[in-house]
Amino acid sequence: MGLMKERGRISGPQYHGKSLRTDMMRALVYHGRNDIRLDQVPEPEIGPGEAKIRITNTSICATDIEEWKYGPTYITSVPTVMGHEVSGRVEQIRDGSSGISVGDRVMVDNVLVCGTCFWCLSGHQATCPNMEVAGLGRDGGLAEFMTWPVDHLIELPDGVKDDEAPLLEPTTVAVHAVRRSGVCVGDSVAVLGVGTVGALTLQAFKAAGAVVYAVDVRASSLQMAARLGADEVVDASRGDAGDRLGDLTGGIGPDFVVETAGAVRTPLDAFDWVRRAGTVVLVGIYAAKPEADFNVIVGKEIRVIGSVAAGTGDMRAAVKLVADGKIRLEELVSERISLDRVIPDGFERMASESKDVFRIVVSPDA
Ligand SMILES: [Zn+2]
Ligand SMILES: [Zn+2]
């Protein structure tokens, strides 16, 4: 428990002559670009229909690093408690009735949509303009506690371990990409980039019945892809990845190329390598403007699909796929650290040039 044991009730500010006493907690707070701090903040107050969650594990995402170094991009209010890949245990519930009880192990379904706009009502919740996301627009889970609508908590089945559970969030991104793609059983899919999202995407496409080729320049990523069930791995550092993909598909090219690397050149590779009249799914978030030759898209009649975050139902599907062993998360947990070390051992390491980790999982109690 570390600090938790020493943390007592401390005096809050004086309002209207009354002394307000507030429980304090540790939280990683985003104060602006290049300014994140492990602060002592008041524990969140539970609102109607919400649960208070004692956080067990939160993973650090590349998006968190981008917000820290180049943001705020998706962070809509500052200061905000970071962390959008969150699991925990329900501590308290205020008038919610969704089958969730105090003591349940839960995953935070971190995307809240309005449910009333044009996009929500037409089944495209991932593009709701009123979307709020834990750790970006509302206080998230790199903390000891958070509050969240109880109807957006998903009970974790026994098959999902505590410390791998936060990776269910990037799994929803992979599930969403598969659903957006319209892939059919037996189709060939090349996944470009085997970072965490790529590794989950390749497993999600396998679960959908596709033949999956993993493409990366890093040997460690290709080894991971092979371990996670890629049908073939293609080393793009050799410069002939397009030819290899051609050979693997009888000279035609993959039916789908799914771009998860988010690099400047990888969308161009995707358009070059996909078969004529094939589909490119763009999942990567591009820090710099990518290169693309639009004549290739026109000339090959490529269908281009963007896929972002997740929609309603994707999280439940992700939980089921993991619980059933169709998608494996454990291999992608590279490191477990305590919240006290989140900046030096978590954010600094994820931001380093020689990043050698998939996900780092942070626990308040570690
Ligand atoms: Zn993320
Ligand atoms: Zn909406």
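Residues numbered from 1 in each chain as written. Chains lettered and ligands numbered in written order. Predicted model: local features only at pLDDT ≥ 70, side-chain atom pairs only at ≥ 80, totals over all residues. Heavy atoms only, no water.

(A) Broad picture of the overall build of the protein chain. Looking only at helices and strands, one finds 11 helices and 19 strands in the protein chain. Taking 2.2 N^0.38 as the reference for a compact globule, 366 residues should give roughly 21 Å; the C-alpha atoms of the protein chain span a radius of gyration of 21 Å, in line with that estimate. C-alpha atoms of the protein chain, sized along the principal axes, occupy 80 × 45 × 35 Å. By residue count, 51% of the 366 residues in the protein chain fall in the buried class. A separation threshold of at least 6 residues defines the contact pool for the protein chain, and within that pool the share at least 24 residues apart is 67%. Element-wise, carbon and sulfur atoms account for 50% of the exposed surface of the protein chain, whose accessible area totals about 16400 Å². (Helix = DSSP H or I, 4+ residues; strand = E, 2+ residues; numbered from the N terminus. Rg over C-alpha atoms; globule rule 2.2 N^0.38 Å. Buried < 20%, exposed > 50% of the residue type's maximum accessible area, 1.4 Å probe, protein only. Contact = heavy atoms within 4.5 Å. Areas by Shrake-Rupley, 256 points an atom, 1.4 Å probe, with all protein chains shown as cover.)

(B) Focus on the environment of Val189. Assignment of secondary structure puts Val189 in strand E12 (residues 188-192). Judged by relative accessible area, which is 0%, Val189 ranks as buried. Separated by 64 residues in the primary sequence, Val189 and Gly253 have C-alpha atoms spaced 9.4 Å apart. Once residues lying within four places of it in the same chain are set aside, the contact partners of Val189 are Val183, Phe205, Ala210, Val211, Val212, Tyr213, Phe256 and Val258.

(C) Region of the structure containing the confidence of the model for the protein chain. Mean pLDDT over the protein chain: 92, with 94% of residues reaching 70 or higher. Every residue in residues 1-19 scores below 50 in pLDDT, and together they form 29 contacts with partners more than four places removed in sequence or on other chains. (pLDDT = per-residue confidence, 0-100.)

(D) Geometry of the coordination of the zinc ion (ligand 2). Cys114 (SG), Cys117 (SG), Cys120 (SG) and Cys128 (SG) make up the full set of protein donors to the zinc ion (ligand 2), lying at 2.3 to 2.4 Å. The site at the zinc ion (ligand 2) holds four donor atoms, and with the angles between them running 106 to 118°, its shape is tetrahedral. Counting the intervening residues between successive donors of the zinc ion (ligand 2) yields the motif C-x2-C-x2-C-x7-C. Placement of Cys117 in the loop between strand E8 (111-112) and helix H3 (118-121) and of Cys128 in the loop between H3 and strand E9 (132-133) is noted, with a sequence separation of 11 residues between them. One exposure class covers both Cys117 and Cys128, and it is buried. (Donors = N, O, S within 2.8 Å, 3.2 Å for Na, K, Ca; no water. Tetrahedral: all angles 85-135°; square planar, octahedral: opposite > 155°, others 65-115°.)

(E) Spotlight on the pattern of salt bridges. All chains considered together, the criterion is met by 23 salt bridges. Notably, a salt bridge pairs Asp356 with Arg349, separated by 3.2 Å at the nearest N-O pair. The class of Asp356 is exposed, set by a relative accessible area of 53%. Classification of Arg349 as partly exposed rests on a relative accessible area of 26%. Sharing partners across several salt bridges, the network here consists of Arg26, Glu144 and Asp340. (Salt bridge = Lys/Arg side-chain N within 4 Å of Asp/Glu carboxyl O.)

(F) Layout of unusual backbone geometry. Put simply, Gly71 and Pro72 share a cis peptide bond, and its omega is 0°. On the secondary structure map, Pro72 appears in the loop between helix H2 (62-70) and strand E5 (80-81). Cis geometry is found at the peptide bond from Val78 to Pro79, where omega equals 0°. Tracing the backbone through its elements, the reader meets Pro79 in the loop between H2 and E5. Even without a glycine there, the phi angle at Glu301 is positive, about 50°. Judged by its relative accessible area of 62%, Glu301 is exposed. Despite not being glycine, Ala309 shows a phi value in the positive range, around 50°. Here Ala309 shows up in the loop between strand E17 (303-306) and helix H10 (314-323).

(G) The arrangement of the coordination of the zinc ion (ligand 1) in detail. Around the zinc ion (ligand 1), the protein contributes the donor atoms Cys61 (SG), His84 (NE2) and Glu85 (OE), at 2.1 to 2.6 Å from the metal centre. Here the donor residues for the zinc ion (ligand 1) map to a single chain with the spacing C-x22-H-E. Of the two residues, Cys61 is situated in the loop between strand E4 (50-60) and H2 and His84 in the loop between E5 and strand E6 (85-93); the sequence distance between them amounts to 23 residues. By the burial criterion, Cys61 is buried, and His84 matches it.

(H) Just the packing of aromatic side chains, in detail. Using the criterion set out here, one finds two aromatic pairs in the structure. Seen in terms of ring centroids, Trp68 and Phe347 are 5.7 Å apart; in terms of plane orientation they differ by 75°. Their pairing is edge-to-face. Here Phe347 lies in helix H11 (residues 342-351) and Trp68 lies in helix H2, a separation of 279 residues in the sequence. Taking the relative accessible area as the measure of exposure, Phe347 reaches 0% and is therefore buried. Ring centres of Phe118 and Trp119 lie 5.3 Å apart, and the angle between their planes is 85°; this geometry places the pair in the edge-to-face category. Assessed through its relative accessible area of 60%, Phe118 is described here as exposed. (Phe/Tyr/Trp six-rings, centres within 6.5 Å; stacked < 30°, edge-to-face > 60°.)

(I) Highlighting the nonpolar core. Residues Leu168, Val189, Leu202, Phe205 and Leu332 are the most contacted members of the largest nonpolar core, which totals 43 residues. Elements with a minimum of two residues in this core: helix H4 (168-181), E12, helix H5 (196-207), strand E13 (211-216), helix H6 (219-227), strand E15 (256-259) and H10. Counting contributing residues per domain, this core is built from domain 1 (3-164 + 329-363) and domain 2 (171-306), each supplying no fewer than three. Not counting the four nearest positions on each side in its chain, Leu332 is found in contact with Leu167, Thr196, Ala199, Leu200, Gln203, Met224, Leu228, Phe358 and Arg359. (Core = buried A, V, L, I, M, F, W, Y, C linked by side-chain atoms within 4.5 Å. Domains from an automatic or database assignment.)

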